[in-house]
Amino acid sequence: MQASSQSSRRFKKAGILLLPLVLIGILWACSGEEDAGVQDPQFCKCIKVTDELNKYSSDLLKREATAEDVVKMKELRDARQKECSRYFQMSGDEMKKRKKSCK
């Protein structure tokens with residue numbers, strides 16, 4: 001009978017010691033990048049390049065494009081592809097959250 005009471009005490013001690021680890025694990029798993037205030041520098045670069053591309057495209061609609069404009073547009077599109085490729089599948093709500101931290 002003594003062996004079972006000793007093992008019972010060991011399980012209780014182990015449970016008491018593991019409880020904080022389990023709680024920390026749960027908190028860590030629940031936290032994520034989408035928390036308010038988390039800045040993603042790569043995303044901010046993506047927003048900047050996209051804004052440049054949009055502004056340049058808007059300007060081209062008001063005038064006739066030249067050969068230089070074609071080259072500039074290609075450069076801007078390539079830059080956007082490079083900076084934003086990991087965000088193309090991101091939801092609009094997630095983008096809005098991340099954009100707030102870029103200002």
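A short tour of the structure in this document, coming up. For every chain, the first residue of the written sequence is number 1, and numbering continues from 1 onward in sequence order. This being a predicted model, a pLDDT of at least 70 is required before a residue's local features are given, and a value of 80 or more before pairs of side-chain atoms are given or counted; all residues contribute to the totals for chains, interfaces and linings. Side-chain numbers here rest on the full set of heavy atoms in the structure, without hydrogens or water.

**Here we look at the state of the cysteines**
- Here, a disulfide means two cysteine sulfur atoms that sit within 2.5 Å of each other. Scanning the entire structure with this criterion turns up 2 disulfides.
- Here Cys-44 connects covalently by a disulfide to Cys-102, the sulfurs 2.0 Å from one another. One disulfide, between Cys-44 and Cys-102, carries an S-S torsion of -90° and so falls in the left-handed class. Residue Cys-44 is located in helix H2 (residues 41-61), and its partner Cys-102 is located in the segment after helix H4 (92-100); the two are separated by 58 residues in the primary sequence.
- In this model, Cys-46 is linked to Cys-84 through a disulfide, with the two sulfur atoms separated by 2.0 Å. A run of DSSP states H or I qualifies as a helix once it reaches four residues; a run of E qualifies as a strand once it reaches two. Both are numbered from the N-terminal end.

**Details of the packing of H2 against helix H3 (residues 67-84)**
- Helix axes are fitted to C-alpha atoms over the stretch in contact, other axes to C-alpha atoms as well, and angles between N-to-C directions run from 0 to 180 degrees. Interaxial distance between H2 and H3 falls to 9 Å at its minimum, and their mutual angle equals 155°. In terms of orientation, H2 lies roughly antiparallel with respect to H3. The element H2 and its partner H3 pack so that their crossing is left-handed. Every residue of H3 that contacts H2 at Gln-42, Lys-45, Cys-46, Val-49, Thr-50, Glu-52, Leu-53, Tyr-56, Ser-57 and Leu-60 is listed here: Asp-69, Lys-72, Met-73, Leu-76, Arg-77, Ala-79, Arg-80, Lys-82, Glu-83 and Cys-84.
- Only Asp, Glu, Lys and Arg are considered charged in this grouping, and only Ala, Val, Leu, Ile, Met, Phe, Trp, Tyr, Cys and Pro are considered nonpolar; every other residue, Gly among them, is considered polar. Looking at the contact of H2 with H3, its residues break down into 9 nonpolar, 3 polar and 8 charged. Angles below 35 degrees are treated as roughly parallel, those above 145 as roughly antiparallel, those between 65 and 115 as roughly perpendicular, and all remaining angles as oblique. The handedness criterion is simple: a crossing whose near helix is rotated anticlockwise from the far helix by less than a right angle is left-handed, and one whose near helix is rotated clockwise is right-handed. Between two residues, a contact is recorded if the distance between any of their heavy atoms is within 4.5 Å.

**Quick look at the side chain of Glu-83**
- Relative to the helices and strands, Glu-83 is located in helix H3.
- The contact partners of Glu-83, leaving out residues within four places of it in the chain, are Gln-42, Lys-45, Cys-46 and Val-49.

**Overview of the nonpolar core**
- Among the nonpolar cores identified, the biggest contains 6 residues, and these are Phe-43, Cys-46, Ile-47, Cys-84, Tyr-87 and Met-90.
- Broken down by element, this core gets its largest block of residues, 3 residues, from H2.
- Here, the term nonpolar core denotes a set of buried Ala, Val, Leu, Ile, Met, Phe, Trp, Tyr and Cys residues that are joined through side-chain atoms within 4.5 Å. The buried label goes to any residue with under 20% of its type's maximum accessible area, the exposed label to any with over 50%, and the partly exposed label to all in between, with areas taken from a 1.4 Å probe on protein chains only. One finds Leu-53, Leu-60, Met-73 and Leu-76 within the second-largest nonpolar core, a separate group that totals 5 residues.

Everything listed here is a matter of coordinates, which is why it stays silent on function.
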